[in-house]
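As a plain string of letters, each chain reads:
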Amino acid sequence: MRSYSLIAPAKINLYLEIIGDRPDGYHELAMIMQTISLADQIDIHAASTDYIRVYCDHPQVPTDKTNLVYRAAALMAEQFPDAYSQFGGVDITVKKRIPVAAGLAGGSTNAAAVLVGINLLWNLGLTQPELEELGATLGSDVPFCIGGGTAIATGRGEKLAPLPGLENINLVLGKYRSLEVSTPWAYKTYRQEFGSSYIRDSDGFASRAHAVHSGEIVKAISHQDTVAIASKLHNDLEKVVLPAYPQVVELRELFAQQPGVLASMMSGSGPSVFAIVESPEQAEVVKQQIRTAIPNPDLELFVTKTIAHGINLAA
Ligand code: C5P
């Protein structure tokens, strides 16, 4: 085949606990990651040139060498120079639906799709663990985005253990287009404000005095108990992002007040906020209610749901 179209789903964090800071500048995390049906489409074509070229229909997304999509293709070219010279360059088109700089892993899932797509295009035969290892060099969330579903992510976020997949949990998601939260800023601020509670061991790694408390939500996930999952949502980064972004607090609270909403929380480093809703019909009603309460067109709203897979070929 000379081209592949891939669907690259966004993720939300059902749980994000910062265990400690690490000597490499990252944070040791315990997260529960979940893919959702809101997705971008990535089309990868074998080019007649030997260039990597990226096109995107979203004005805020750069298409130069800083784009994670470009970097993913460049990584494959560097790792597999024989295939690169045999097959030549690639043209990659990103059709964006996932809000950018939102805490939804939009860039990471696009990069994951490029790794999967070039693996197919160049007949490399790489396994999922091999693709995940390559993905970890591009970003902490890239390995998860490849296989998706529901997983516990530890380390920087790149060490994955699958959980029973959650499907068809109804969600409404909101993001202000003009609000962007820098992930490095969120983690740096967390370190400044809460870092002193860490205990540093002889390797320079640090851990908080209390134990990780993800056990209860993991149990709720294994029972496929949506109400219990909703009651155990947690995100440590809310402690720094919410005080700095009152609009995010307002949206989160407004979601929580709607009939049929079981819980609402910020995803990742924000500023997107999601609500778990009892039924798809109620999700549509919640979306309309929020739109009426906040008519500002800057606010993007999506009805979506959890899905049990990551990167897939488009039908
Ligand atoms: O890995 P990625 O490039 O997606 O991370 C973006 C930024 O988020 C990092 O540069 C770092 O500042 C912060 N981060 C962190 N600890 C993690 C993951 C990300 O501090 N485990």
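Since we're looking at a predicted model, the values are computed, not measured.

1. A closer look at the overall build of the protein
- Helices and strands together make up the secondary structure of the protein, namely 11 helices and 14 strands.
- Over its C-alpha trace the protein gives a radius of gyration of 19 Å, about what one expects of a compact globule, namely 20 Å for 315 residues.
- Taken along its principal axes, the extent of the C-alpha atoms in the protein is 55 × 55 × 35 Å.
- Looking at the protein as a whole, 45% of its 315 residues qualify as buried.
- Counted over contacts in the protein with a minimum sequence separation of 6, partners at least 24 positions apart contribute 73%.

2. Comments concerning the sheet that holds strand S7 (residues 170-176)
- Reading across from one edge, S11-S12-S7-S13 is the order of the four strands in this open sheet, with antiparallel pairing throughout. Whereas interior strands pair on both sides, the edge strands pair on one side only; in this sheet they are strand S11 (261-266) and strand S13 (299-305). The sheet shows a mean angle of 20° between the axes of neighbouring strands, direction not considered.
- As paired elements, S11 and strand S12 (residues 273-277) share five bridges and run antiparallel to each other. Following the sheet pairing, Met-265 is matched in S12 by Phe-274.

3. Examining the domain arrangement of the protein
- Once the domains are mapped, the protein shows domain 1 (3-167) and domain 2 (170-305).
- Between the C-alpha centres of domain 1 and domain 2 the distance comes to 22 Å.
- Contacts between the two partners involve 29 residues from domain 1 and, on the opposite side, 40 residues from domain 2.
- Of all the elements in the fold, those that place two or more residues in the side of domain 1 that touches domain 2 are strand S1 (3-21), strand S2 (27-46) and strand S5 (150-155).
- Looking at the side of domain 1 that touches domain 2 element by element, the count peaks at 10 residues for S1.
- Along the lines of polarity and charge, the residues of the side of domain 1 that touches domain 2 split into 19 nonpolar, six polar and four charged.

4. Thoughts on the environment of Pro-184
- Residue position: Pro-184 is located in helix H6 (residues 183-194).
- For the pair Pro-184 and Phe-80, spaced 104 residues apart in sequence, the C-alpha separation works out to 31 Å.

5. Section: the site of the ligand
- The full set of residues close to the ligand is Tyr-26, His-27, Leu-29, Gly-139, Ser-140, Asp-141, Arg-156, Gly-157, Thr-183, Pro-184 and Tyr-187.
- At the level of secondary structure, the elements contributing two or more residues to the shell around the ligand comprise S2 and H6.
- Counting residues per element, the shell around the ligand draws most heavily on H6, which supplies three residues.
- The two domains that each donate at least three residues to the shell around the ligand are domain 1 (3-167) and domain 2 (170-305).

6. Here's the deal with helix H4 (residues 128-136)
- Regarding H4, the residues found buried are Leu-131, Glu-132, Leu-134 and Gly-135. Along H4, the residues classed as buried sweep out an arc of 160° about the axis, all on the same side.
- Looking at the buried side of H4, the elements it contacts are helix H1 (68-79), helix H3 (106-121) and helix H5 (142-147).

7. Quick word on the pairing of S5
- Pairing between S2 and S5: six bridges, direction antiparallel. Within the sheet, the bridge partner assigned to Ile-32 lies in S5 and is Ile-152.
- In this sheet, strand S6 (residues 159-162) lies alongside S5 in antiparallel orientation, the contact comprising four bridges. For Thr-154, the partnering residue across the bridge sits in S6 and is Lys-159.
- Where S5 hands over to S6, the hairpin turn is made up of three residues, of which Gly-157 adopts a positive phi near 125°.

8. Some details on H1
- Helix length check: H1, at 12 residues, gives a terminal C-alpha distance of 16 Å against a target of 16 Å (1.5 Å per residue), a fit within 8%.
- All buried positions along H1 are accounted for by Leu-68, Val-69, Ala-72, Ala-73 and Met-76. Angularly, the buried residues of H1 cover 145° about the axis, an arc narrow enough to put them on a single face.
- Tucked into the core, H1 has its buried residues touching strand S3 (52-56), strand S4 (90-95) and H3.

9. Brief notes about the UniProt feature "domain: GHMP kinase C-terminal" (unreviewed entry) in the protein
- Under the UniProt annotation, the feature "domain: GHMP kinase C-terminal" (unreviewed entry) is placed at residues 218-293.
- What you have in residues 218-293 is 58% helix and 17% strand, and the ends, taken at the C-alpha atoms, are 34 Å apart.

10. Examining the confidence of the model for the protein
- Averaged over all residues, the pLDDT of the protein equals 94, while 95% of them reach at least 70.
- Interface confidence for the predicted complex, given as ipTM, is 0.97, next to a pTM of 0.95.

11. Focus on unusual backbone geometry
- In this structure, the amide linkage connecting Gly-270 to the following residue, Pro-271, adopts the cis form with an omega of 5°.
- Mapped onto the elements of the fold, Pro-271 is located in the loop between S11 and S12.
- Despite not being glycine, Asn-123 has its phi angle at roughly 50°, a positive value.
- Note on placement: Asn-123 falls in the loop between H3 and H4.
- Of note, the phi angle at Gln-224 is positive, near 55°, even though the residue is not glycine.
- Position of Gln-224 relative to the elements: it lies in the loop between helix H7 (215-222) and helix H8 (226-231).

Definitions and cut-offs
The residue numbers shown here count from 1 along each chain, following its written sequence. In view of the model being predicted, local features appear only for residues whose pLDDT reaches at least 70, and side-chain atom pairs are presented and counted only at 80 or more, with totals across whole chains, interfaces and linings using the full set of residues. Helix and strand assignments follow DSSP, with helices taken as H or I runs no shorter than four residues and strands as E runs no shorter than two, numbered in order from the N terminus. With the radius of gyration taken over C-alpha atoms, the globule rule is written as 2.2 Å times the number of residues to the power 0.38. Burial is judged by counting other C-beta atoms within 10 Å of a residue's own C-beta: 20 or more means buried, 12 or fewer means exposed, and anything between counts as partly exposed, with every C-beta placed from the backbone. Whether two residues are in contact is decided by their C-beta atoms, placed from the backbone, lying within 7 Å. By this definition, two strands are paired if DSSP reports at least two bridges between them. Convention adopted: a line fitted to C-alpha atoms gives each axis, helices being fitted over their contacting stretch, and angles between N-to-C directions are expressed from 0 to 180 degrees. Here the bounds of each domain stem from an automatic or database domain assignment. Each residue is assigned to one class: nonpolar for Ala, Val, Leu, Ile, Met, Phe, Trp, Tyr, Cys and Pro, charged for Asp, Glu, Lys and Arg, and polar for all the others, Gly among them. Defining nearness, a residue is near a molecule or strand when the C-beta atom obtained from its backbone falls within 6 Å of it. Our arc is simply the arc of the directions from the helix axis toward the C-beta atoms. Residue count minus one, scaled by 1.5 Å, sets the expected span of a helix. UniProt positions are given in the numbering used here, feature names are shortened, and annotations may be inferred rather than shown by experiment. The score called pLDDT rates the predictor's confidence residue by residue, from a low of 0 to a high of 100.

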